[in-house]
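# Results of the structural survey
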Amino acid sequence: MPLHIQTPLIHSRPLSLAAGTEVWLKLEALQPAGSFKLRGIGAACEFHARRGTRRFISSSGGNAGIAVAFAGRCLSIPVTVVVPETTTERARALIRQEGAEVIVHGKAWHEANALAQSMLGEADAFIHPFDDALLWQGHATLVDEVAASGWRPDVVLLSVGGGGLFSGVVEGLQRNGWGAVPVITAETAGAASFAGSLQAGRRIELERIDSVATSLGAKQVCERAFELGRSHPVRARVVSDRAALQACERFLDEQRLLVEPACGAALALAYAGDEALRDFERVMVVVCGGVTASLEQISAWKAAQPED
Ligand SMILES: *Cc1c(COP(=O)(O)O)cnc(C)c1O
């Protein structure tokens, strides 16, 4: 039995009306660790567990760290997550709640990551948040489930951070004979490393991340995502933080699910009836989820946004 669950695929009337086309939601927000990350990370952790790994190490203070902690608890393997000081109390508590050890080190992620790497012993496995073929294989199960249901999307809409979800979904489309189904990607303006790379024709690195969508905050997407971005039919779209936050509030109101702005970015394109969606009759949105932002946090972020 895998560690993730099969998630519902539901039609959304409110989102369809807003988008001007039919919208279905693949509800990854319902995964036990709160995001799609459990698919890939669960698969990677199981792989390492079969090989006798005695500890999992992560340096993600976000949903990846939470998924590793969850997987370790299920597999009875200890987990250490090294996070920078900027990681919120909420995220630290969610990781600890899964029984993992949290070590706070450094001002920024690269310092925490350096310590995590230096701690790696022979019998430890480092679990990367997005750049690992084991992860992509696991994320691809999301598409396998849809294919098994007999329903086929005309296009898939999803958010991109480091590109692990995108790489996995494209792998899933390809392995189900759906290599021609295009993907529309969403990023927030201050974290648009994927759209920027496709535009530049090379894998660019952002100088800094400037977005409330912290789970999209990879300065550079993985090589695999960039390659697939060039070979698979893709439209890369960018939304404002404000639009992502408004989408979170509206989604909570209409679908009764709280998701992070990282997920709100994809929802914002559907709510706006983005022109990239108009050519398609059946849109599948990957509701990637995310548990690190409370409703209070989302409201506070929105109140702090500059006027348009
Ligand atoms: C990790 C994450 C993303 C981005 O996924 P990548 O694989 O890094 O592209 C988007 N949304 C949520 C909620 C996440 O946790």
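Please refer to the structure placed before this passage.
Here's what I pulled together on the structure shown here.

The rules behind the values
- Residues numbered from 1 in each chain as written.
- Predicted model: local features only at pLDDT ≥ 70, side-chain atom pairs only at ≥ 80, totals over all residues.
- Heavy atoms only, no water.
- Axes fitted to C-alpha atoms, helices over the stretch in contact; angles between N-to-C directions.
- Helix = DSSP H or I, 4+ residues; strand = E, 2+ residues; numbered from the N terminus.
- Parallel < 35°, antiparallel > 145°, perpendicular 65-115°, else oblique.
- Left-handed = near helix turned anticlockwise from the far one by under 90°.
- Contact = heavy atoms within 4.5 Å.
- Nonpolar A, V, L, I, M, F, W, Y, C, P; charged D, E, K, R; others polar.
- Near = heavy atom within 4 Å.
- Polar contact = N/O pair within 3.5 Å; in protein donor to acceptor, adjacent residues only side chain to side chain.
- Areas by Shrake-Rupley, 256 points an atom, 1.4 Å probe, with all protein chains shown as cover.
- Expected span 1.5 Å × (residues − 1).
- Buried < 20%, exposed > 50% of the residue type's maximum accessible area, 1.4 Å probe, protein only.
- Pairing = 2+ DSSP bridges.

### Considering the packing of helix H8 (residues 164–175) against helix H10 (residues 223–231)
- It is at 9 Å that the axes of H8 and H10 come closest, and there the two elements cross at 50 degrees. Relative to H10, the element H8 is oriented oblique. In this structure, H8 crosses over H10, and the sense of that crossing is left-handed. Across from Phe 166, Ser 167, Val 170 and Gln 174 in H8, the residues of H10 making contact are Arg 224, Ala 225, Leu 228 and Gly 229.
- Partitioned by chemical class, the residues of the contact of H8 with H10 number four nonpolar, three polar and one charged.

### Observations regarding the site of the ligand
- Not every one of the 16 residues close to the ligand is listed here, only the nearest: Lys 37, Asn 63, Gly 161, Gly 162 and Gly 163.
- Take Lys 37: an N or O atom from its side chain is 2.6 Å from an oxygen atom of the ligand.
- Gly 161 has a polar backbone atom sitting 2.7 Å from an oxygen atom of the ligand.
- Coverage of the ligand by the protein chains reaches 98% of its 380 Å² of free accessible surface.
- The residue makeup of the shell around the ligand, split by class, is seven nonpolar, eight polar and one charged.

### Observations regarding helix H3 (residues 63–75)
- Between its first and last C-alpha atoms H3 spans 18 Å; for 13 residues at 1.5 Å apiece the expected length is 18 Å, and the two agree.
- Burial analysis of H3 places ten of its 13 residues in the buried class, which makes it a mostly covered element.
- Buried within H3 we find Asn 63, Ala 64, Gly 65, Ile 66, Ala 67, Val 68, Ala 69, Phe 70, Ala 71 and Gly 72.
- In this structure, the buried residues of H3 make contact with helix H2 (37–50), strand S3 (55–58), strand S4 (79–83) and helix H4 (89–97).
- Looking one or two residues beyond H3, the residue adopting positive phi is Ser 76, at roughly 55 degrees.

### A short note on the sheet that holds S4
- Pairing is parallel across the open sheet formed by four strands, whose spatial order is S5-S4-S3-S6. Two strands in the sheet have a free side with no partner beyond their single neighbour: strand S5 (101–104) and strand S6 (124–126). Direction aside, the axes of adjacent strands within the sheet are offset by 20 degrees on average.
- The sheet contact formed by S3 and S4 spans three bridges and is parallel. Opposite Ser 58, over in S4, you have Val 81 as the bridge partner.
- Set on the sheet, helix H5 (residues 109–118) makes contact with S3, S4, S5 and S6; between it and S4 the angle comes to about 150 degrees.

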